[in-house]
Amino acid sequence: MENKILQAAQVIKDSKYAVAFTGAGISVESGIPPFRGPEGLWNKYDPIVLDVNYFYANTLESWKVIRELFYDFFGKAKPNSAHQVLAYLENTGIIKSIITQNIDNLHQEAGSKTVYEFHGTAHTMICLKCGQKYQSPDISLSKLPPKCKECNGVLKPDFIFFGEGIPEYAHNKSFEEAEKSDVFIVIGTTGEVMPASMLPHTAHQNGAIIIEINPEESLFTNNITKIHLKGKAGEILTEIKKQIEEL
Ligand code: APR
């Protein structure tokens, strides 16, 4: 594994336009369970609660699970060393941007500046009636569904529900970044959800070297991944940072 980490560190250091693509796995070491796999959230909850039609038809029921899944605990999760190393690599000009499928805002909290949230964010909410935007920490969830302070309309989190389209800006910028990248670092994602899972393929088609960090294999591993670093994101990225500093 050591020489694979050294190989990955060399490729990342020599890159002209390295981009990181992250999934739920990068936040596992912050205490946030992934969606799939042995401890996956979808083993305990029915994904229907995040279906947009279910949300509109069963707003209170959906909000009860949303609060439990994304606000009761997640709100307290802190960035782990994986988020911090990516912020450091952006700071030193090695990584140009992060495309994340996550809605936990942990990249931004770790100091990353150029972050494209492909599935939106739980960090803000919008009123379905008047469109007023709120920072989630400013909204009490003691009474559900949360209401707009301006017009008493129902608030909806700004993340993408199943059945909703990808935010246009994040979608376009993410594919642009994938096309521009010469190194695309895929961290903590099964690659099971479209269209997000198209991004590594777009990078690969444009000649990017795919480096993957994941303790398991994903749909990318035996397909487009050139270097698979089998392990936890926090540990592996900390090692990569050390190697890059010694190069
Ligand atoms: N470090 C790196 N990867 C990890 C770690 C870790 N410590 N722990 C688990 N993983 C890997 C798992 O092996 C798995 O491949 O993270 C991945 C988590 O997969 P998913 O839970 O499917 O997460 P993701 O691929 O991001 O899901 C995509 O599905 O439910 C929707 O919108 C949701 O954005 C999410 C999308």
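Notes on the structure follow. (Residues numbered from 1 in each chain as written. Predicted model: local features only at pLDDT ≥ 70, side-chain atom pairs only at ≥ 80, totals over all residues. Heavy atoms only, no water.)

A few points about helix α1 (residues 2-14)
Short version of the rule: Counting from the N terminus, the helices are DSSP H or I runs at least four residues long and the strands are E runs at least two residues long. Here, expected helix span is obtained from the residue count minus one, scaled by 1.5 Å. Relative accessibility under 20% of the residue-type maximum defines a buried residue, over 50% an exposed one, and the middle range a partly exposed one, all with a 1.4 Å probe and only protein chains included. Relevant arc is that of directions from the helix axis to the C-beta atoms, nothing else. A contact between two residues is defined here by any heavy atoms of the two lying within 4.5 Å.
For α1, spanning 13 residues, the distance from its first C-alpha to its last is 18 Å, which sits close to the expected 18 Å at 1.5 Å a residue. When α1 is considered as a whole, its buried residues turn out to be I5, A8, A9, V11 and I12. For α1, the angular spread of the buried residues around the axis is 165°, confining them to a single face. Facing away from the buried side of α1, by more than 90 degrees, are the exposed residues E2 and N3. The secondary structure elements touched by the buried residues of α1 are β7 (183-187), β8 (209-213), β9 (227-229) and α8 (233-246).

Examining the packing of helix α6 (residues 168-180) against helix α7 (residues 198-205)
Note the threshold: Note on geometry: axes are C-alpha line fits, over the in-contact stretch for helices, and angles between N-to-C directions span 0 to 180 degrees. Left-handed describes a crossing in which the near helix is turned anticlockwise from the far one by less than a right angle; the clockwise case is right-handed. Side-chain classes are defined by residue name, with Ala, Val, Leu, Ile, Met, Phe, Trp, Tyr, Cys and Pro counting as nonpolar, Asp, Glu, Lys and Arg as charged, and the others, Gly among them, as polar.
One can describe the packing of α6 onto α7 by two numbers: an axis separation of 7 Å at closest approach and a directional angle of 35°. Crossing angle aside, the handedness with which α6 passes α7 is right-handed. Where α6 abuts α7, its residues S174, F175, A178 and E179 lie against M198, L199, T202 and A203. Of the residues that constitute the contact of α6 with α7, the class distribution is five nonpolar, two polar and one charged.

Here's the deal with the layout of surface pockets
Using a probe with the size of a water molecule, rolled over the atoms, empty space left in the structure can be pinpointed. Inclusion rule: The method works on a 1 Å grid over the protein atoms by themselves. A cavity is a set of points holding a 1.4 Å probe that cannot get out, a pocket is an open set with protein on both sides within 12 Å along at least five of seven lines, and residues with an atom within 4 Å of a point line them. Grid points are joined across faces, edges and corners, and a volume is the space filled by probe spheres set on the points.
Of the pockets and cavities examined, the largest pocket occupies roughly 1100 Å³. Across the lining of the largest pocket, the residue classes break down as 23 nonpolar, 15 polar and nine charged.

Considerations on the site of the ligand
Selection rule: Neighbouring residues are identified by heavy atoms, a residue being near a molecule or strand if any of them is within 4 Å of it. The definition of a polar contact used here is a pair of N or O atoms within 3.5 Å, where within protein one atom must be able to donate a hydrogen and the other to accept one, and adjacent residues in sequence count solely through side-chain atom pairs. A 1.4 Å probe and the Shrake-Rupley method give the accessible areas. Residues count as covered only by the protein chains that appear here. Any molecule with more than half of its atoms within 2 Å of a cavity's or pocket's grid points is counted as sitting in it. How far each domain reaches was decided by an automatic or database domain assignment.
Taken together, 21 residues sit near the ligand, with A24, F35, R36, T189 and N214 positioned nearest. T190 is positioned with one of its side-chain polar atoms (N or O) 2.9 Å from an oxygen atom of the ligand. A distance of 2.9 Å separates a nitrogen atom of the ligand from a polar backbone atom of A233. Contact with the protein chains removes 91% of the 740 Å² of surface that the ligand exposes when unbound. If you map the ligand onto the pockets, it falls in the largest pocket. Each residue belonging to the shell around the ligand can be placed in one class, and the counts come to nine nonpolar, eight polar and four charged. In this structure, the shell around the ligand is formed jointly by two domains, domain 1 (1-31 + 79-119 + 166-247) and domain 2 (33-76 + 121-159), each of which donates at least three residues.

As for the sheet that holds β7
Heads up, the rule is: When DSSP finds two or more bridges between a pair of strands, those strands are recorded as paired.
Here we have six strands laid out as an open sheet, ordered β3-β2-β1-β7-β8-β9, and parallel in their pairing. At either margin of the open sheet sits one strand with a lone partner, and together these are β3 (115-117) and β9. Taken pair by pair, the neighbouring strands of this sheet meet at an average axis angle of 15°, ignoring direction. Packing against the sheet, helix α4 (residues 81-91) makes contact with β1 (18-22), β2 (95-100) and β7, and its axis sits at approximately 145° to β2. With respect to the sheet, α6 is in contact with β1, β2, β3 and β7, its orientation differing from that of β3 by roughly 130°.

Side note on the sheet that holds strand β6 (residues 155-159)
Ordered in space as β5-β4-β6, the three strands form an open sheet in which the pairing is antiparallel. With partners counted over all chains shown, the strands left at the sheet margins are β5 (133-135) and β6, one partner each. Between one strand axis and the next, the sheet turns through 40° on average, direction left out of account. In the sheet, strand β4 (residues 120-127) pairs with β6 via four bridges, with the strands oriented antiparallel. What sits directly across from G120, in β6, is F159. Its contacts with the sheet put helix α3 (residues 59-72) on β4 and β6, and the angle it makes with β6 is roughly 45°.

Side note on the pairing of β8
Put simply, the rule reads: Crossovers are marked right-handed if the path from the first strand over the helix to the second runs clockwise, as seen with the strands pointing away from the viewer.
The element β8 is largely enclosed, with a buried count of four among its five residues. Across five bridges, the pairing between β7 and β8 is parallel. Bridge pairing in β8 links I185 to I211. After leaving β7, the chain enters α7 and then returns to the sheet as β8, a path that is right-handed. Judged from the three bridges that link them, β8 and β9 form a sheet pairing that is parallel. Across the sheet, I211 pairs through a bridge with I227, a residue of β9.

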